[in-house]
Amino acid sequence: MTNNAATQVRFGDWISEGWKMFTEQWKGWVKLSLAAFLVLVLPTLALVVVMYIWMFVTMLGQQHPGGAPPQMPLATFVLFYVAILAMVIVLMPLAVLAVGGAYRAAFKQLRGGQIEFRDLFSARDCYWRLLGAALLHLVLVSIGSLLCVIPGLIVSGLL
C-alpha cells in the first residue's frame, strides 16, 4: 500500500503560525524571554562593559613615547580570555536548560496548555542529552569554522 498524496509545503507559514502562538499567550512568552535575558544576556553584557572599561583605563594610563600607540599588557589579555571562558562554562549549562525549557513550553502550548514561568527550566529530565548535543554542536561548528567561516555556518545551519 503506497501513499501517493502530495505534501504541500507552504514556505513562510511557520512564521505566521509562530506569531499566532506568540499572540495567543504573549504574557507567558514575554516572561520566559525576560527571564532568559536576565539570566543569560545581562551577565555577558556586564562582563563585556567591564572588560572594555578596564582596557580603556589601562591604555590611557600608559606613557606613549614618540606618539607610539598604547600596548595592552599580555596579562590583561590572558585575564580577559579566562573571564570569557569562565562565563561560557557558567552560562552554557543555563542556556541549554533555558532553550530546552522554551521548546517544552512551545510544545506544551501546541498541546493546548498554558505557558508558565516555570516552563523555562522544565527540561531537567533530558538535561544531559541536551548538554551533550550542545557540546557536539559546538565542537562541529568550531571545526567547520577553523576550516573557513562558511563551513562553520553551513554545519550550524544543518544542525
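Scroll up to find the structure.
Quantities reported herein were computed from a predicted structural model and do not represent experimental measurements.

Below, the discussion takes up helix α2 (residues 26–60). With 35 residues, α2 extends 47 Å between its outermost C-alpha atoms, agreeing within 8% with the 51 Å of an ideal straight helix rising 1.5 Å per residue. Where α2 is concerned, the buried positions are Gly28, Trp29, Leu32, Ala35, Ala36, Leu40, Leu47, Met51, Met55 and Thr58. Elements that come into contact with the buried residues of α2 comprise α1 (13–24) and α3 (74–110).

The next thing to look at is the packing of helix α4 (residues 127–147) against helix α5 (residues 149–158). Relative orientation of the contacting elements α4 and α5 amounts to 155°, with a least axis distance of 5 Å. Taken together, the axis directions place α4 and α5 in an arrangement best described as roughly antiparallel. On α5, the residues touching His137, Leu140, Val141, Gly144, Ser145 and Leu147 of α4 are Val149, Pro151, Gly152, Val155 and Ser156. Of the residues contributing to the contact of α4 with α5, the split by class is 6 nonpolar, 5 polar and no charged.

Conventions adopted
- Residues numbered from 1 in each chain as written.
- Predicted model: local features only at pLDDT ≥ 70, side-chain atom pairs only at ≥ 80, totals over all residues.
- Heavy atoms only, no water.
- Helix = DSSP H or I, 4+ residues; strand = E, 2+ residues; numbered from the N terminus.
- Expected span 1.5 Å × (residues − 1).
- Buried < 20%, exposed > 50% of the residue type's maximum accessible area, 1.4 Å probe, protein only.
- Contact = heavy atoms within 4.5 Å.
- Axes fitted to C-alpha atoms, helices over the stretch in contact; angles between N-to-C directions.
- Parallel < 35°, antiparallel > 145°, perpendicular 65-115°, else oblique.
- Nonpolar A, V, L, I, M, F, W, Y, C, P; charged D, E, K, R; others polar.

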